[in-house]
Amino acid sequence: MDYNIVLASEQDRQQILDLYEEQKGREFCPWDEDYPSNETIDFDLSRDALFVMKADGKVIAAISLEVDEDVDKLECWNRDIFPGGELARIAVTPSMQNRGLARKMMQHGMEVLKERGYKSVHFLVNKYNVKAIKCYAVFGYNVVGECHMYDQDFLCYEKELI
């Protein structure tokens, strides 16, 4: 399959919303009717922080470079490898899951963070999201802590960008 990963644009908004909606209610997905939303997309687009994977012009995956001061303040992060960028809202359309596309999106996100001057990547993963934990294992992230935020239990993942 031919696909490309590009910076999302306003023209992608509805397809991104549809992609997010497809995730809601699926096993291990903590998203609800309020998150992610149009406002989330507004925030990401305003910062050139939303990337999509397209196949034949259709959005099949997305990832965001997040800015969340509450997450950045967690004490578990290694301050020697700051600034650290956060990856969030990784989504793959259900019919295309289990093909390594989430990993490709993660790799792209890490490359962009490095290009933008970040020394590390960090993110939270719902402690019970077995699929996500399995996906991320191939990258050699360190689990550096646990936290409870946004009414969820999370594992804190971190990796130096080399």
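This report concerns the structure included in the present document.

Reading guide: rules and limits
- Residues numbered from 1 in each chain as written.
- Predicted model: local features only at pLDDT ≥ 70, side-chain atom pairs only at ≥ 80, totals over all residues.
- Heavy atoms only, no water.
- Helix = DSSP H or I, 4+ residues; strand = E, 2+ residues; numbered from the N terminus.
- Buried < 20%, exposed > 50% of the residue type's maximum accessible area, 1.4 Å probe, protein only.
- Contact = heavy atoms within 4.5 Å.
- Pairing = 2+ DSSP bridges.
- Axes fitted to C-alpha atoms, helices over the stretch in contact; angles between N-to-C directions.
- Salt bridge = Lys/Arg side-chain N within 4 Å of Asp/Glu carboxyl O.

When its secondary structure is counted, the protein chain shows five helices and seven strands. When the elements of the protein chain are put in sequence order from the N terminus, they spell out β-α-α-β-β-α-β-α-β-α-β-β. With respect to the principal axes defined by its C-alpha atoms, the protein chain has extents near 40 × 35 × 30 Å. Buried residues in the protein chain amount to 48% of all 162 residues. Residue pairs at least 24 apart in sequence account for 70% of intrachain contacts in the protein chain once pairs closer than 6 positions are excluded.

A few words on the sheet that holds strand β1 (residues 4–7). Strand order across the open sheet formed by seven strands is β1-β2-β3-β4-β5-β7-β6, with mixed pairing between neighbours. The two strands at the open ends of the sheet, each matched to only one other strand, are β1 and β6 (142–149). Between one strand axis and the next, the sheet turns through 30° on average, direction left out of account. Here strand β3 (residues 58–66) runs beside strand β4 (residues 84–92); their pairing, made up of five bridges, is antiparallel. Opposite glutamate 66, over in β4, you have glutamate 86 as the bridge partner. Where helix α4 (residues 101–115) meets the sheet, its contacts fall on β1, β2 (50–55), β3, β4 and β5 (120–126), and the angle it forms with β4 comes to roughly 155°.

Quick look at unusual backbone geometry now. For residues that are not glycine, phi is negative in most cases, and the peptide bond is trans in most cases. Omega for the bond connecting tyrosine 35 with proline 36 falls within 30 degrees of zero, at -10°, which places this linkage in the cis form. The residue after phenylalanine 82, namely proline 83, is reached through a cis peptide bond having omega 10°. Within the secondary structure, proline 83 is located in the loop between α3 (69–72) and β4. Positive phi is not limited to glycine here, since arginine 89 has a value of about 50°. As for its placement among the helices and strands, arginine 89 is situated in strand β4. Of the residues examined, arginine 89 reaches a relative accessible area of 5% and is grouped as buried. Phi is positive for aspartate 151, close to 60°, though the residue is something other than glycine. Summarising the element assignment, aspartate 151 is placed in the loop between β6 and β7 (152–160).

What follows covers the pattern of salt bridges. The final tally for this structure, using the stated rule, is nine salt bridges. The shortest N-O distance in the salt bridge between glutamate 21 and lysine 24 comes to 2.8 Å. The partner of lysine 127 in a salt bridge is glutamate 146, and the shortest N-O contact between them spans 2.9 Å. Remark: glutamate 146 occurs in strand β6 and lysine 127 occurs in the loop between β5 and α5 (130–137); sequence separation between them is 19 residues. Note on lysine 127: relative accessible area 32%, which makes it partly exposed. By relative accessible area, glutamate 146 is classed as exposed at 52%. Within this structure, Asp44, Arg47, Glu66 and Arg89 form a network of salt bridges that share partners.

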